[in-house]
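What the coordinates show
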Amino acid sequence: MAQIDPSREYSPLRELIFTRLREFFREPEAIFWVYIFPVFLAVGLGVAFRSQPQQVIKVGAASGEGAERLVEIFRDQAGFQLQILPAEECRKDLARGRLDVMVEAKGKEYRYVFDPTRLENAYCRDRVNRAIQRAAGAADPVPVEDEHLSEPGTRYIDFLFPGLIGMNLMGGGLYGMGYVIVDMRVRKLLKRFLATPMRRSDFFIAMLSSRLLFLIPEMLFLLAVACLGFGVPVRGSMLAVGSIALVSALSFAGLGLLVATRARKLETISGLMNLVMLPMWLLGGIFFTTGRFPEAMQPLIQALPITATNNALRAVMLEGATLASQLHELGIMLGWGLVSYLLSFRLFRWI
Amino acid sequence: MPEFLKEPLEASPPPGQRADPRQLAVRCRGLRKVYDGRVEAVRGLDLEIPQGECFGLLGPNGAGKTTTIEILEGLLRPTSGEVEVLGERWGRRDHELRQRLGISLQETRLSEKLTVRETIRLFRSFYRRGLDPDATLEMVSLGSKARAQVGKLSGGQRQRLAVACALVGDPDLLFLDEPTTGLDPQSRRQLWEVIRDFGKRGRTVLLTTHYMDEAERLCNRVAIIDRGEIIALGSPAELISSLGGEHVIEFAVQSKGSSMGEPNGREAPAPGALIPAIKELRSVRAARADGSGISLTVEKPHLAIPALLEALQAHGLEIARLATRHASLEDVFVNLTGRHLRDEGNGSN
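Residues numbered from 1 in each chain as written. Chains lettered and ligands numbered in written order. Predicted model: local features only at pLDDT ≥ 70, side-chain atom pairs only at ≥ 80, totals over all residues. Heavy atoms only, no water.

1. Some details on the interface of chain B and chain A
At the junction of the two partners, chain B supplies 37 residues and chain A supplies 35 residues. Summed over the shared surface of chain B and chain A, the number is five salt bridges. Notably, a salt bridge pairs Lys188 of chain A with Glu107 of chain B, separated by 3.7 Å at the nearest N-O pair. For the pair chain B and chain A, the number of links is twelve residue pairs in polar contact (both at pLDDT 80 or more). Elements supplying a minimum of two residues to the side of chain B that touches chain A: helix H2 (94–98), helix H3 (116–125) and helix H5 (155–167) of chain B. In terms of residues, the side of chain B that touches chain A owes the most to one element, H3 of chain B, which gives six residues. (Contact = heavy atoms within 4.5 Å. Salt bridge = Lys/Arg side-chain N within 4 Å of Asp/Glu carboxyl O. Polar contact = N/O pair within 3.5 Å; in protein donor to acceptor, adjacent residues only side chain to side chain. Helix = DSSP H or I, 4+ residues; strand = E, 2+ residues; numbered from the N terminus.)

What follows is the structure, encoded as structure tokens:
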């Protein structure tokens, strides 16, 4: 290379960005957590919560009086599995979730034992009740018809994948900024950089740009696995998905920078990252809908950046929403990002 | 500009009053550093290092060497005192000043996954002007390792890479904090060559070390520093001659007739008891107990040794061991503080 203009030959920004990219792609562990782990999760959870073709209700009946009558009733009923057990075992299995509902027949009367706080058990009790009432001669006063949905977009895996993408955006930001920066501080590399004429802004721009560059293969990979591997639909525009991912990644990178501003030990940053991420894993609608939490918690939950990310991704991917309709969620992400960056720049410690 | 982008030392130094630097690379006055309001790591340090000199801060661990050098490097803020580096104070044009400095910290773990060449290129990119990265690697004999990852290097190679990263900006002033600590003798000698070559080009070096031989061989001048203060300053030769003699005799005694295998015969007197008498002997400048033996600073060994043997004879003692050597900076330190430079150094403390 000709050395005509030596000042142009080396770009600190380019070198810093390449440094981050090289460090990342030469670290097999990082590759695993970013690319392989979410797919494992998707496969595992997808299998555990796959839509079962026909849900079988497990009914328990105490052996002895009335058991035969129940056998008679459920012999021809599809969708039920009757088990005759000693009464005590029956209750034990019920408590362990091996049975959905227990039926006691006494003379002409029936008694249902179940846990009403479990939604599916209450539902099973009603199904069992209907079967018994029908066997006794009850008829539907109004004719009804069922239509069964099975198209993509309504399955659990469809719900799950946008959540996993959100989780990856969160983890990438917090780990890629937070952990990496503290590691550099622990290794005295930040101090070593401080001792050079490196511009502080170059360093932060490089950290952020490399995070955003990592985003491209990450998103392409996860979306490809979701769409091609699991048939998850993307009904809205890819541009909208990309934009949401970009804003979310910026926001979480800010959060990562914030937790990294002062920590001087890897133990500290690991603890801080867990402190930030654990509530978001639980509350943020990654694995199940945020609607499960009580109304009083909703304002808090809806204000989390992870919830905003997941809501926006699901709206665009599953419902075909436009980017413009997600301004509220984008605003939440941007707000977190802005506050994080402002605080970080005030608090950042190089040494 | 946001706070974090500014230099960390945003003190507002008094304007004007820049004394004529007269080619001083480093000048500091009344330097003090107190940690947490209690620990006084540096206690009023004055230094003047002319350009082109290789200057050593020599002292035991915890003497305040690293604190001092990091204040001079602009990485720590002094509690009080003035610092001028290449005629500049920290907090004004730091970016410009850093363009002219090369710094190697006591302990930096460079990224293990980067190759040697990528690492040196990264540091080169921070400087407007500088050396060719590959040429710099050749200077520290790492040319053949350019494509190796840092994680695969030996301790000595890593340390040479760290120094190369300090050299690649072609600095006027090079700061090295314990550059050879923990290295094997061959790696140390290789690094000394690198530092000497740098000095030959008329550049200034400030290094800290707790190896007296390093300071003696490398430095034009040395400040011996103990408990945050300079206790001696001068060229190694000057400091050694300040002992009054350039030779050291180390010996141990035993009572006459004890077996050779037991140099410390039961009846041998404590070394301390002999010292007053021995101090008066011909050509002896200083005497002190050193572990089980006695250490003398001597001007002319050929006069002192016969006198010593004669005196011992008179006390009914004989020599169990005896060695003579040239005095070193270690002896200067021991003479000044009564302690050895390093815990693992010869003899006891």
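2. Some remarks on the pairing of strand S6 (residues 173–177) of chain B
A regular strand carries its side chains on alternate faces of the sheet. Residue and element names in this part refer to chain B. Burial of S6 is extensive: five of the five residues sit out of reach of the surface. Burial along S6 is two-sided: Leu173, Phe175 and Asp177 facing one way and Leu174 and Leu176 facing the other are all buried. As defined by bridge partners, strand S5 (residues 101–104) adjoins S6 across four bridges and the pair is classed as parallel. Along S6, the bridge assignment pairs Leu101 with Leu173. The pairing of S6 with strand S7 (residues 204–209) spans five bridges and is classified as parallel. Note that in S7 the partner of Leu176 across the bridge is Leu207. (Buried < 20%, exposed > 50% of the residue type's maximum accessible area, 1.4 Å probe, protein only. Pairing = 2+ DSSP bridges.)

3. A closer look at the sheet that holds strand S3 (residues 101–106) of chain A
Backbone hydrogen bonds are what pair the strands of a sheet, in a parallel or an antiparallel way. All names here are of chain A. The mixed open sheet is built from four strands, whose spatial order is S2-S1-S3-S4. Of all the strands in the sheet, just strand S2 (80–85) and strand S4 (109–113) have a single pairing partner and so form its edges. Neighbouring strand axes in the sheet, compared pairwise and without regard to direction, differ in orientation by 30° on average. The strands touched by helix H4 (residues 67–74) are strand S1 (57–62), S2, S3 and S4; relative to S2, the strand with the most contacts, the crossing angle is about 165°. Docked against the sheet, helix H5 (residues 87–96) engages S1, S2, S3 and S4, running at close to 150° with respect to S3. (Axes fitted to C-alpha atoms, helices over the stretch in contact; angles between N-to-C directions.)

4. Here we look at the side chain of Glu23 of chain A
Take Glu23 of chain A: it is sitting in helix H2 (residues 12–25). On the basis of relative accessible area, Glu23 of chain A is assigned to the buried category, the value being 11%. At 3.1 Å, the side chain of Glu23 of chain A and the side chain of Arg20 of chain A are in polar contact. Ignoring anything within four residues of it in the chain, the contact list for Glu23 of chain A reads Arg187 of chain A together with Ser111, Lys113 and Leu114 of chain B.

5. Points about the pairing of S1 of chain A
Residue and element names in this part refer to chain A. With five of six residues buried, S1 lies mostly within the body of the structure. The sheet contact formed by S1 and S2 spans six bridges and is parallel. Following the sheet pairing, Val59 is matched in S2 by Leu82. Crossover S1 to S2 through H4 is right-handed. Bridge count between S1 and S3: three bridges; the pairing is parallel. Across the sheet, residue Val59 finds its bridge partner in S3, namely Val101. (Right-handed = clockwise from strand over helix to strand, strands pointing away.)

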